[in-house]
Amino acid sequence: MQLFITQIEIQNNFAVLKSKEVIHQLTKVLRAKTWYIFQTQEFSENWATRYTLEIIEIQKDSIECKILDKESKEIKSENFWIIVCLPNNFDKLELMVKKLTEIWIPNIVLRASQRSVIKDINFKKIERLTKIILEACEQSKSWSLPKLEIIKNINDFISDKNLIILNFDGEKDIKLESKENVYFVVWPEWWFDSKDLEIVSPRIYKTLNLWENVLRTETGAIIWWRLIK
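How each quantity is defined
Residues numbered from 1 in each chain as written. Predicted model: local features only at pLDDT ≥ 70, side-chain atom pairs only at ≥ 80, totals over all residues. Heavy atoms only, no water. Buried < 20%, exposed > 50% of the residue type's maximum accessible area, 1.4 Å probe, protein only. Helix = DSSP H or I, 4+ residues; strand = E, 2+ residues; numbered from the N terminus. Arc of directions from axis to C-beta. Pairing = 2+ DSSP bridges. Salt bridge = Lys/Arg side-chain N within 4 Å of Asp/Glu carboxyl O.

Student: Could you give an account of helix 1 (residues 20–29), naming the residues involved and the relevant values?
Tutor: Of the positions making up helix 1, those classed as buried are Val22, Ile23 and Leu26. Looking straight down helix 1, one finds that the buried residues subtend no more than 100° of arc, so they occupy a single side. Structural note: helix 1 exposes Lys20, Glu21 and Lys28 on the side pointing more than 90 degrees away from its buried face. After helix 1 finishes, the residue Arg31 shows a positive phi value of roughly 55°.

The following block contains the structure:
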């Protein structure tokens, strides 16, 4: 059943959908007709509400639906992050953001390291990453959208953080006493530069090595996070 993250207008046991993008997806891509059943989800403060809807009438600018079911879930804020050094192209970055959303990582931080080829992300690229997160959330039926943050000053950001560095010389035991205020740092292409390690070393809580092979940045981010999660 297709899920769309969008607002709907509710009156009694009926709903009206007015999002042009979602209407296009339903009518042109999914070829939805009367009695087609799908879901929408919207967020309010710390809650997510998901509706199961059945199409009653399709118009040019709106779709009227009957509400079949409603489910709400509290979304608790998690101080549980991954810090990814920017890779050498945007295709890899988009893949990482998509997969980290699919496996329900609550917070994603992007930063340029000494070895990063990409040093900055412009507004259009940020919009693109935000859209990818939204679509990945819909496809995976996640109850929450991860927070995406792009930082330039790593010193200020990590000043009160507990960092777990994913590197070759680390422990292989991934048991953690707590995930609160834990920030995992994934290396850039060709591993950490000595200057990067010098910056983060005062805040390192633990260094982990979860694989014998040398993993690429995007592979490391996806595989390690699934294991830890």
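Student: Can you explain the pairing of strand 4 (residues 37–44)? Please cite residues and give values.
Tutor: Summarising the sheet, strand 1 (residues 3–5) and strand 4 pair through three bridges and their orientation is parallel. When the sheet's bridge partners are listed, Leu3 is paired in strand 4 with Gln39. In the sheet, strand 4 pairs with strand 5 (residues 47–58) via eight bridges, with the strands oriented antiparallel. The partner of Gln39 across the bridge, within strand 5, is Thr52. Counting the residues that bridge the hairpin from strand 4 to strand 5 gives two residues, and of these Glu45 lies at a positive phi of roughly 55°.

Student: Tell me about the pattern of salt bridges, residues and numbers included.
Tutor: With the rule as written, the count across this model stands at six salt bridges. Across the pair Lys18 and Glu9 runs a salt bridge, and its minimum N-O distance is 3.4 Å. Of the charged contacts, one joins Glu149 and Lys147 as a salt bridge, the two residues approaching to 3.9 Å between their closest N and O atoms. For Lys147, a relative accessible area of 46% gives the class partly exposed.

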